[in-house]
Amino acid sequence: MKKLKFTDLLITVMLGVVFGILMKFWDDLYTVIKPMLPVARQLIYGMWFMVGPFAFLLIRKPGVALLASVAAAGLSAFIGHGIEVLIYGFFQGLGAELLFATFRYKRFGIIVAGLAGVMSCAASYFLDWVYGYANLEAWAIFVKYGLRVISAFLFTGVFAYFIVRALEATGVTNLIRPVAKEEYTALDK
């Protein structure tokens, strides 16, 4: 298992901070479209699950999905969203981390990244249920969380994957980890 170096930790936390700022703006967008698209807005909910899988796809070491998610949630909690957000960040990051661990941290493709987002969504549903936010009729739960699962897969699988691929193509990620031909091939799995 690859160990995290100080630079990995620093980059992971910085990714969390960047995503924490993005999530603040995303929260504003989510609030604005709430009255216009009360159900369909769930299709943009996946942004909140993206930080952990994105960090893992970029750094590819155990622990970064959880750390990035907690860092992003920590910033969000600090700017006024409360401790509850930090708990969500921990569980969402843990969900993604467990999925990557299932594949022994050796799979970096769209499907695995998307499934990590779905696991983050599942962790979020569990907390929603604990806090009473999921006290809905069965059909409403199916629609709400079904749309969130789709969104989670799109944001964490498709979008995160292609953003990392674009970064790798520019060579920017060579500072984080050397990119070899085998790694590009592994991305296609």
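Each remark here, short or long, concerns the structure printed above.
Per-chain numbering applies: the sequence of each chain, read as written, is numbered from 1 onward. Restriction of local features to residues with pLDDT of at least 70 applies here, the model being predicted, together with a cutoff of 80 or more for giving and counting side-chain atom pairs; totals for whole chains, interfaces and linings are based on all residues. Here the side-chain values reflect all heavy atoms present in the structure, with hydrogen atoms and water set aside.

Each residue's exposure class comes from its accessible area (1.4 Å probe, protein chains only) as a fraction of the maximum for that residue type: buried when under 20%, exposed when over 50%, partly exposed otherwise. Helical segments are the DSSP runs of H or I of at least four residues, strand segments are the runs of E of at least two, and each set is numbered from the N terminus. Across the nine residues that make up helix H2 (residues 51–59), a large majority, nine, are buried. Of the positions making up H2, those classed as buried are Val-51, Gly-52, Pro-53, Phe-54, Ala-55, Phe-56, Leu-57, Leu-58 and Ile-59. Looking at the packing, one finds that the buried side of H2 touches helix H1 (6–33), helix H3 (64–81), helix H4 (83–102), helix H5 (110–131) and helix H6 (138–170). Following H2 by one or two positions, Arg-60 has its phi on the positive side, about 60°. By the convention used here, residues are in contact when the closest approach between their heavy atoms is within 4.5 Å.

The next point concerns the environment of Ala-77. On the secondary structure map, Ala-77 appears in helix H3. Along the sequence, Ala-77 and Gly-20 sit 57 residues apart, while their C-alpha atoms lie 9.3 Å from each other. Apart from the residues lying within four places of it in its own chain, the contact partners of Ala-77 are Gly-82, Val-85 and Leu-86.

For the rest of this paragraph, the subject is H4. Expected helix span is computed as 1.5 Å times (number of residues minus one). Helix length check: H4, at 20 residues, gives a terminal C-alpha distance of 29 Å against a target of 28 Å (1.5 Å per residue), a fit within 8%. As for H4, its buried residues are in contact with H2, H3 and H5. After H4 finishes, the residue Arg-104 shows a positive phi value of roughly 55°.

Let us look at unusual backbone geometry. Note: most residues except glycine have negative phi, and most peptide bonds are trans. For Arg-60, which is not glycine, the phi torsion reads 60° and is therefore positive. Take Arg-60: it is sitting in the loop between H2 and H3. For Arg-60, a relative accessible area of 2% puts it in the buried group. Of note, Arg-104 is a non-glycine position whose phi angle comes to about 55°, a positive value. Following the sequence through the fold, Arg-104 ends up in the loop between H4 and H5.

As far as function goes, none of this settles anything; it's purely spatial.
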